[in-house]
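Tertiary structure, described
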Amino acid sequence: MEIKEKVEKYFELEKAALAKIRIIAPEDSYIHGIAKDHMDMVLNYYNDAKYFYEHNDFINAFAALNYSYGWIDSAIRIGLFDGDSDHRLFTHFR
């Protein structure tokens, strides 16, 4: 599989993940601000990945997608985001 195809596969996985996640920290809590910061990091890296992809920089697009997904997984694992109990897309704490 070529790097461009691999990046496209990871974009599809991340799109599915982004459609499922939501912040679950209470809005009036200190943790909600941390959850929003996490979401900002997810979206910033995702947008970086799109930029790199559009400029045919597939290595950096792939790296940015991996960073973005890492922020998603970490936020789910520590309880900032809900991933709809999807163990295929996310690493949940058991």
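Scroll up to find the structure.
Residues numbered from 1 in each chain as written. Predicted model: local features only at pLDDT ≥ 70, side-chain atom pairs only at ≥ 80, totals over all residues. Heavy atoms only, no water.

**What about unusual backbone geometry?**
To keep it simple, the criterion reads: A run of H or I in DSSP counts as a helix once it spans at least four residues, and a run of E counts as a strand once it spans at least two, with each numbered from the N terminus. Under the scheme applied here, a residue whose accessible area is under 20% of the maximum for its type counts as buried, over 50% as exposed, and between as partly exposed, the area being computed with a 1.4 Å probe on protein chains only.
Located in the positive-phi region is Asn56, a residue other than glycine, with phi close to 60°. Relative to the helices and strands, Asn56 is located in the loop between helix H2 (30-54) and helix H3 (58-77). By relative accessible area, Asn56 is classed as exposed at 56%.

**Description of the environment of Glu5**
Turning to its location among the elements, Glu5 is positioned in helix H1 (residues 3-20). Expressed as a C-alpha distance, the spacing of Glu5 and Tyr45, which sit 40 residues apart in the sequence, is 19 Å.

**Notes on the nonpolar core**
Nonpolar side chains tend to gather and get buried jointly when the protein is soluble and globular. The criterion, for reference: The set of buried Ala, Val, Leu, Ile, Met, Phe, Trp, Tyr and Cys residues whose side-chain atoms join them within 4.5 Å is what this entry labels a nonpolar core. When checking whether two residues touch, look at their non-hydrogen atoms; a contact exists if any pair is within 4.5 Å.
Ile21, Ile72, Ile76, Phe81 and Phe90 are the most contacted members of the largest nonpolar core, which totals 14 residues. If you list the elements that add at least two residues to this core, you get H2 and H3. Ranked by residues supplied to this core, first place goes to H3 with 4 residues. If we ignore the near neighbours within four places in the chain, the residues touching Phe81 are Ile21, Arg22, Ile23, Ile24, Ala35, His38, Met39, Val42, Ile72, Ala75 and Ile76. Tyr46, Phe58, Ala64 and Leu65 belong to the second largest nonpolar core, which has 8 residues in total.

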